[in-house]
Amino acid sequence: MLKIGDRMPDFEVVDQDGNKVSSKDLIGKRTIVYFYPKDNTSGCTAEACNLRDNYDALTAQGYNVIGVSKDSAASHRKFADKYELPFTLLSDTSTQMLQAFGAWGEKKMYGKTVMGTIRRTFIFDADGILERIIEKVDTKNHASQILQ
């Protein structure tokens, strides 16, 4: 699990359009990397739409917004189109990026312990140094958690 002051882990995955995106591409901008379990589920949709609705406020603060799940690039493209998401969605089907950030692990679902995506948000400065971690994400008010 990343700690405050850690450098952004190295990764290379694809975005919703199939373009390669690496950690090196995010250096030079303040970056919000939010991990979510699945496209088109109620909590993940609420979170994405809250970030969409507050996108101007986030970018006014200099933030680049990146969403990550293990869904495919095609799934991300449909999700982004359906909800008019103005930010990049990264596809980590191998879970290597999720694991590097500490957003993959055991969680409880319907009383069972399963491996899956842990909803977490990481906020990096322009040099790629971790400034904040939001562990308890309020999906309906996530932008206000980031902007506080």
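What counts and what doesn't
Residues numbered from 1 in each chain as written. Predicted model: local features only at pLDDT ≥ 70, side-chain atom pairs only at ≥ 80, totals over all residues. Heavy atoms only, no water. Phe/Tyr/Trp six-rings, centres within 6.5 Å; stacked < 30°, edge-to-face > 60°. Helix = DSSP H or I, 4+ residues; strand = E, 2+ residues; numbered from the N terminus. Buried < 20%, exposed > 50% of the residue type's maximum accessible area, 1.4 Å probe, protein only. Lys NZ or Arg CZ within 6 Å of the ring centre and 35° of its normal. Arc of directions from axis to C-beta. Contact = heavy atoms within 4.5 Å. Pairing = 2+ DSSP bridges. Axes fitted to C-alpha atoms, helices over the stretch in contact; angles between N-to-C directions.

Visitor: Help me get a handle on the packing of aromatic side chains, residues and values and all.
Guide: Scanning the model with the defined rule gives 10 aromatic pairs in all. Here the aromatic rings of phenylalanine 35 and phenylalanine 101 are separated by 5.1 Å at their centres, their planes lie at 55°, and the arrangement is tilted. You can see phenylalanine 35 sitting in strand 3 (residues 30–35) and its partner phenylalanine 101 sitting in helix 4 (residues 96–101), a full 66 residues away along the chain. Each member of the pair, phenylalanine 35 together with phenylalanine 101, is buried. Pairing phenylalanine 101 with phenylalanine 124 gives two aromatic rings, centres 6.0 Å apart and planes at 85°, and the pair type is edge-to-face. Remark: phenylalanine 124 occurs in strand 8 (residues 120–124) and phenylalanine 101 occurs in helix 4; sequence separation between them is 23 residues. In this pair, the class of phenylalanine 101 matches that of phenylalanine 124, namely buried. Aromatic ring contacts, followed pair by pair, group Tyr34, Tyr36, Tyr55, Phe79, Tyr83 and Phe87 into a single cluster. For arginine 30, the ring lying beneath its charged end belongs to tyrosine 63, and the centroid distance is 4.2 Å.

Visitor: Now, about helix 3 (residues 73–83): what can you tell me, with residues and values included?
Guide: When helix 3 is considered as a whole, its buried residues turn out to be Ala73, Ser75, His76, Phe79 and Ala80. For helix 3, the arc enclosing every buried residue in end-on projection is 155°, short of the 170-degree limit, so these residues lie on one face. Residues of helix 3 that are exposed and point over 90 degrees away from its buried face: Lys78 and Lys82. Taken together, the buried residues of helix 3 touch strand 1 (12–15), helix 1 (42–53), strand 4 (63–69) and strand 5 (88–91).

Visitor: Explain the sheet that holds strand 1 residue by residue, including any values.
Guide: Strand order in the open sheet formed by seven strands is 2-1-5-4-3-8-9, and the pairing between neighbours is mixed. Where the open sheet ends on each side, the last strands, each with one partner, are strand 2 (20–22) and strand 9 (130–134). Averaged over neighbouring strand pairs, the angle between their axes works out to 30° when direction is ignored. Both strand 3 and strand 8 contribute to a ladder of five bridges, which runs antiparallel. Looking across to strand 8, one finds that tyrosine 34 is bridged to threonine 121. Helix 3 contacts strand 1, strand 4 and strand 5 of the sheet and is inclined by roughly 155° relative to strand 5.

On their own, these measurements won't tell you what the molecule is for.
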